[in-house]
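# Fold and geometry: a report
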Amino acid sequence: AATLFVTALLMVSSLPTLSSKMLKPESDSSHLQSRNKMSALLKPLMAGAVLFAVWGYPFETFLTLVVLHAISLPAGLVLFYGMATAELLAPMQTRRGKVK
């Protein structure tokens, strides 16, 4: 019960977390449409592996996802605030002539 409660709190929190949107090379590209054959083959295989894990080992799969989510929280904070700081500093560095 405690694991479920903590997970629910983490999932509705406003903390910046890692997102698969960050992995897209272009903002208009899709996660479902693959540009190469290896990616097109890997996506159904990974989906099948996840379904197998949920079907055969539901508690262990859920616990693994919770642990991965908990680990990703500090990483998301660092990356989010690091990118935000870089975006804020970029115009200042351009005006000083350091970055072209």
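Since the structure is predicted, the reported quantities are computational estimates derived from the model, not experimental observations.

## Thoughts on the overall build of the protein
The helix and strand inventory of the protein stands at three helices and zero strands. Each helix (α) and strand (β) of the protein, taken in turn from the N terminus, gives the series α-α-α. The buried share among the 100 residues of the protein stands at 8%. Of all intrachain contacts in the protein linking residues separated by at least 6 positions in sequence, the fraction that spans at least 24 positions is 65%. As presented, the protein carries roughly 8600 Å² of accessible surface, and 72% of it is formed by carbon and sulfur atoms.

## Some words on the confidence of the model for the protein
Low pLDDT marks regions whose predicted coordinates should not be analysed in detail. Residues of the protein with pLDDT of at least 70 account for 71%, and the chain-wide mean is 78. Across the protein, helix α2 (residues 37–56) holds the top mean pLDDT of 89, while helix α3 (residues 58–96) sits lowest at 78.

## As for the packing of aromatic side chains
In this structure the tally under the stated criterion is one aromatic pair. For the ring pair Phe52 and Tyr57, a centre distance of 6.4 Å and an interplane angle of 75° mean the geometry is edge-to-face. Assessed through its relative accessible area of 57%, Phe52 is described here as exposed.

## Some words on a nonpolar patch on the surface
A cluster of nonpolar residues, Phe59, Leu63, Leu65, Val67, Leu68 and Ile71, forms a patch on the protein surface that exposes about 600 Å² of accessible area. By the secondary structure assignment, Phe59 is in helix α3. By relative accessible area, which is 57% here, Phe59 ends up exposed.

## What to know about the side chain of Thr61
Turning to its location among the elements, Thr61 is positioned in helix α3. Accessibility expressed as a relative area gives 15% for Thr61, which makes it buried. Residues contacting Thr61, with those up to four places away along its chain left out, are Ala53 and Val54.

## Details of the environment of Ser19
Residue position: Ser19 is located in the loop between α1 (2–12) and α2. A residue is classified by how much of its surface remains accessible, and Ser19, at 29% relative accessible area, is partly exposed. Considered as a pair, Ser19 and Gly76 are 57 residues apart in the sequence and their alpha carbons are 8.6 Å apart.

Rules used in this analysis
- Residues numbered from 1 in each chain as written.
- Predicted model: local features only at pLDDT ≥ 70, side-chain atom pairs only at ≥ 80, totals over all residues.
- Heavy atoms only, no water.
- Helix = DSSP H or I, 4+ residues; strand = E, 2+ residues; numbered from the N terminus.
- Buried < 20%, exposed > 50% of the residue type's maximum accessible area, 1.4 Å probe, protein only.
- Contact = heavy atoms within 4.5 Å.
- Areas by Shrake-Rupley, 256 points an atom, 1.4 Å probe, with all protein chains shown as cover.
- pLDDT = per-residue confidence, 0-100.
- Phe/Tyr/Trp six-rings, centres within 6.5 Å; stacked < 30°, edge-to-face > 60°.
- Patch = residues over 30% accessible without salt bridge, like charges linked within 9 Å, V, L, I, M, F, W, Y side chains within 5 Å.
- Salt bridge = Lys/Arg side-chain N within 4 Å of Asp/Glu carboxyl O.

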